Amino acid sequence: MILVTGATGNIGSALVRQLHGSGASPVRGLTRDTARAPFPDGVEAVEGDLARPASLKPALDGVRSLFLVPGMGADADVLTAARQAGVEHVVLVSSITVRTHPHLSAAAENLAVERLLQDSGMSWTILRPTQFTSNALWWAESIRKHRSIRVPYADIGLPAVHPADIAAVARAALTEQGHHGRTYPLTGPERITPRQQARAIGTALGHEVSVEEISREEAHRQMAPFMGEQTAHAVLDLMGGDVNDELLTVHDTVPRVTGSPARPFRQWAADNVAAFR
């Protein structure tokens, strides 16, 4: 039995579909509301809340492999509950910022969970994705209303990764041999700038999406009320204010692990074009 946490999220929902399609093992999806969980027929939906580890006992019953998205509860307690339930292997989603920007608080938190897992006595695989292609959904309202986006660092390209590719590597780690004790950096197949992303979304929509580059200061003023001063600065650093060679590096992990090429941003735009209409 494989338990997928975050099973209705960008990565988890894709992973549930891929695991179900592979038919490799029975799959169970963790959700806070099973009535609203759009799982394929044959996938067991079970209620539980990572913020309340005691609620996970039914979900963990009989589970041997766990896909864990951290930061949604008391991660130390979740890992303890998993170990006590007999879970043997955990695939953890961390972040490439553990390597590229270890001074950021979010990176430090991810590293702490990595170490908890490594010390847990369970076998592990750690995934460290870069920026998600799905971050472009931040622009959805602006594109729907104005056919435009206003962004800082419009011409700095990062190798954004499709969530379905993170899921594909997780599927391999959960169902195939050779991935225990491995840490995988995950990127898309190429660097892509916000300006190029807007062009790809426009192509999918059938009309131009214009780009206005704004200053870091203006972007921070817009972002801080929603995410706080410190987080806004950290996000802007990762968007282009503090990039480094490691953050810009394109890794071949996805094709090497899955046997399929990493999905380009234009595919994500085509897959999700309805969000921008």
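Let us look at the structure shown here. Note that the structure is predicted; figures quoted are calculated from it, not measured.

### Overview of the packing of aromatic side chains
Within a pair of aromatic rings, the relevant descriptors are the distance that separates the centres and the angle that separates the planes.
And then number 1: Per the counting criterion, the structure on display carries two aromatic pairs.
And then number 2: When the ring of F265 is compared with that of W268, the centres are 5.5 Å apart and the planes differ by 35 degrees; the resulting orientation is tilted. Residue F265 and its partner W268 are located together in helix α13 (residues 265-271), separated by three residues, close to a single helical turn.
And then number 3: Both rings, one in W268 and one in F276, keep their centres 6.0 Å apart while their planes meet at 75 degrees; by these two values the pair is edge-to-face.
And then number 4: A residue is classified by how much of its surface remains accessible, and W268, at 2% relative accessible area, is buried.
And then number 5: Owing to a relative accessible area of 2%, F276 belongs among the buried residues under this scheme.
And then number 6: Feature note: the residues F265, W268 and F276 constitute an aromatic cluster, connected by ring pairs.

### Examining helix α8 (residues 194-205)
Since there are 3.6 residues in each turn of an α-helix, residues three or four apart along the chain are aligned in direction.
And then number 1: Its 12 residues give α8 an end-to-end C-alpha distance of 16 Å, which sits within 8% of 16 Å, the value for a rise of 1.5 Å per residue.
And then number 2: All of the buried residues along α8 are P194, Q197, A198, A200, I201, G202 and L205.
And then number 3: G206 sits one or two positions beyond α8 and adopts a positive phi of about 90 degrees.

### Digging into the layout of surface pockets
And then number 1: Each pocket or cavity is described by its volume, and for the largest pocket that value is around 1300 Å³.
And then number 2: Taken together, 45 residues form the lining of the largest pocket, with S94, S95, A106, N110 and F132 sitting closest to its centre.
And then number 3: Those elements giving two or more residues to the lining of the largest pocket turn out to be α1 (10-22), β2 (27-31), α5 (105-118) and α10 (229-241).
And then number 4: Across the lining of the largest pocket, the residue classes tally to 23 nonpolar, 18 polar and four charged.
And then number 5: Roughly 690 Å³ of internal volume is contained in the second largest pocket.

### Topic: the nonpolar core
And then number 1: V4, L15, F67 and L127 are the most contacted members of the largest nonpolar core, which totals 30 residues.
And then number 2: At the level of secondary structure, the elements contributing two or more residues to this core comprise β1 (2-4), α1, β5 (89-93), α7 (163-175), β8 (182-186) and α12 (253-258).
And then number 3: Top contributing element to this core by residue count: α7, with eight residues.
And then number 4: V4 has contacts with G12, L15, V16, L19, V27, R28, G29, L30 and F67, leaving out every residue within four places of it along the chain.
And then number 5: Counting 22 residues, the second largest nonpolar core, distinct from the first, contains L68, V78, A81 and L117.

Conventions we followed
Residues numbered from 1 in each chain as written. Predicted model: local features only at pLDDT ≥ 70, side-chain atom pairs only at ≥ 80, totals over all residues. Heavy atoms only, no water. Phe/Tyr/Trp six-rings, centres within 6.5 Å; stacked < 30°, edge-to-face > 60°. Helix = DSSP H or I, 4+ residues; strand = E, 2+ residues; numbered from the N terminus. Buried < 20%, exposed > 50% of the residue type's maximum accessible area, 1.4 Å probe, protein only. Expected span 1.5 Å × (residues − 1). 1 Å grid on protein atoms, 1.4 Å probe; cavity = no way out; pocket = protein on both sides within 12 Å on 5 of 7 lines; lining within 4 Å. Points joined across faces, edges and corners; volume = space filled by probe spheres on them. Nonpolar A, V, L, I, M, F, W, Y, C, P; charged D, E, K, R; others polar. Core = buried A, V, L, I, M, F, W, Y, C linked by side-chain atoms within 4.5 Å. Contact = heavy atoms within 4.5 Å.

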